[in-house]
Amino acid sequence: MKSIIITGASSGIGRTTAEYFLQEGWRVGLIARRADALAEITHENAVAMPCDVTDEAAVDAAFAGFGHLDVLFNNAGMFGPQTTIDQISLADWQQVIDVNLTGMFLCARAAFRQMRAQDPQGGRIINNGSISAHTPREGSTCYTTTKHGVSGLTKTLTLDGRAFNITCGQIDIGNARTAMVHALDEKRAADGLAPMDSMDVMDVARSVYHMASLPAEANVQTMMVMASKMPHIGRG
């Protein structure tokens, strides 16, 4: 049975993806802060590992206790304040950096360590980037900065992992219907703007599954999956 750890597994993209992998017969480690939400995923192959991805000791313990690891979906993240830079406090900035970059670093490090040491050696890390890793939306200083950092982490892991049969790829997602996108739409409504074009979050889960299911000799380095009518390409 193949195995995957998914961070941010209690809701949104993480939960939908976890449920899809369970349906496909994988053993799935579930990481998120909310133990009660993880407990709702009751499949026999689900392994709840509640912890905060910014807690170094907790992350290392969760990965060490999971056993053989084929794939990490490094998914946990937050958007942060939706405003211009002059309205962002240092505390808000640091919180987004801690979750989106430090948390991703800690989980990637723990997965890399496990994959390098296990027999057979190797595995796959899939980082959740964003269309914001390429093109920002307004009022996203914290989020966009971290997602550009994720791209650098992905490329470095790809290079450093080659000697140990560890592959790394990045999925850049645009407007899947989750609570995060719903919150952005609420802000748009308050500003008198129409809802954003969006897509079913299940399409993201299927995309992650494709990346995870490839043989070790193949890798999707970057994949962008987005709502078809998003204004990512083009200009006004």
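Each remark here, short or long, concerns the structure printed above.
As the structure is a computational prediction, the values presented were derived from the model and not from experiment.

### Describing the overall build of the protein chain
Then, in step 1: The number of helices and strands found in the protein chain is 7 helices and 7 strands.
Then, in step 2: Starting at the N terminus and walking to the C terminus, you meet the elements of the protein chain as β-α-β-α-β-α-β-α-β-α-β-α-α-β.
Then, in step 3: For the protein chain, whose C-alpha radius of gyration is 17 Å, the value lies close to the compact-globule estimate of 18 Å for 236 residues.
Then, in step 4: Along the longest, intermediate and shortest principal axes, the C-alpha atoms of the protein chain span 55 × 35 × 35 Å.
Then, in step 5: Counting only residues that meet the buried cut, the protein chain has 50% of its 236 residues in that class.
Then, in step 6: For the protein chain, the accessible area works out to roughly 11300 Å², and carbon and sulfur atoms hold 52% of it.
Then, in step 7: Between the centroid of the 19 positive side chains of the protein chain and the centroid of its 24 negative side chains there is a distance of 5 Å.

### Considering the side chain of Thr17
Then, in step 1: Examined against the element boundaries, Thr17 turns out to sit in helix H1 (residues 12–23).
Then, in step 2: Residue Thr17 is classed as buried on the basis of its relative accessible area of 0%.
Then, in step 3: Setting aside chain neighbours within four positions, we find Thr17 in contact with Ile6, Phe73, Ala205 and Val208.

### Regarding the nonpolar core
Here is a general trend for soluble globular proteins: nonpolar side chains tend to be buried in one another's company.
Then, in step 1: Formed by 36 residues in total, the largest nonpolar core has its most connected members in Val28 and Ile171.
Then, in step 2: Elements with a minimum of two residues in this core: strand E1 (3–7), H1, strand E2 (27–31), strand E4 (71–74), strand E6 (166–174), helix H7 (201–213) and strand E7 (222–226).
Then, in step 3: Per element, the largest residue contribution to this core is 7 residues, and it comes from H7.
Then, in step 4: Every residue in contact with Val28, bar those within four places of it in the chain, is listed here: Ile4, Ile6, Ala18, Phe21, Leu22, Asn45, Ala46, Val47 and Phe66.
Then, in step 5: Counting 27 residues, the second-largest nonpolar core is a separate cluster that includes Ile5, Val59, Cys107 and Met115.

### So, the packing of helix H4 (residues 90–117) against helix H5 (residues 141–161)
Then, in step 1: Direction vectors running N to C along H4 and H5 enclose 15°, while the axes themselves pass 9 Å from each other. When the axis of H4 is compared with that of H5, the two are roughly parallel. Seen from above, H4 lies across H5 with right-handed handedness. Residues Trp93, Val96, Ile97, Asn100, Leu101, Met104, Phe105, Ala108 and Phe112 of H4 lie in contact with H5, whose contacting residues are Thr141, Cys142, Tyr143, Thr145, Thr146, Lys147, Gly149, Val150, Leu153, Leu157, Asp160 and Gly161.

### What about the sheet that holds E1?
Then, in step 1: Taken together, 7 strands build an open sheet; the order of strands is E3-E2-E1-E4-E5-E6-E7 and the sheet is parallel. At either margin of the open sheet sits one strand with a lone partner, and together these are strand E3 (46–48) and E7. For this sheet, the mean inter-axis angle between neighbouring strands, taken without regard to orientation, is 20°.
Then, in step 2: When E1 meets E2, the two strands line up parallel, connected through 5 bridges. Bridging across to E2, Ile4 finds its partner in Val28.

### Some thoughts on the side chain of Gln118
Then, in step 1: Mapping Gln118 onto the fold places it in the loop between H4 and strand E5 (123–128).
Then, in step 2: Overall, the relative accessible area of 9% leaves Gln118 in the buried class.
Then, in step 3: Non-local contacts of Gln118, meaning those with residues more than four positions away in its chain, are made with His68 and Leu69.

### A closer look at unusual backbone geometry
Then, in step 1: Along the chain, Asp119 connects to Pro120 via a cis peptide bond; the corresponding omega equals 5°.
Then, in step 2: Here Pro120 is to be found in the loop between H4 and E5.
Then, in step 3: The phi dihedral of Asn165 falls on the positive side, at around 60°, and the residue is not glycine.
Then, in step 4: You can see Asn165 is positioned in the loop between H5 and E6.

What counts as what
Residues numbered from 1 in each chain as written. Predicted model: local features only at pLDDT ≥ 70, side-chain atom pairs only at ≥ 80, totals over all residues. Heavy atoms only, no water. Helix = DSSP H or I, 4+ residues; strand = E, 2+ residues; numbered from the N terminus. Rg over C-alpha atoms; globule rule 2.2 N^0.38 Å. Buried < 20%, exposed > 50% of the residue type's maximum accessible area, 1.4 Å probe, protein only. Areas by Shrake-Rupley, 256 points an atom, 1.4 Å probe, with all protein chains shown as cover. Lys, Arg positive; Asp, Glu negative; His and termini not counted. Charge placed at Lys NZ, Arg CZ, Asp CG, Glu CD. Contact = heavy atoms within 4.5 Å. Core = buried A, V, L, I, M, F, W, Y, C linked by side-chain atoms within 4.5 Å. Axes fitted to C-alpha atoms, helices over the stretch in contact; angles between N-to-C directions. Parallel < 35°, antiparallel > 145°, perpendicular 65-115°, else oblique. Left-handed = near helix turned anticlockwise from the far one by under 90°. Pairing = 2+ DSSP bridges.

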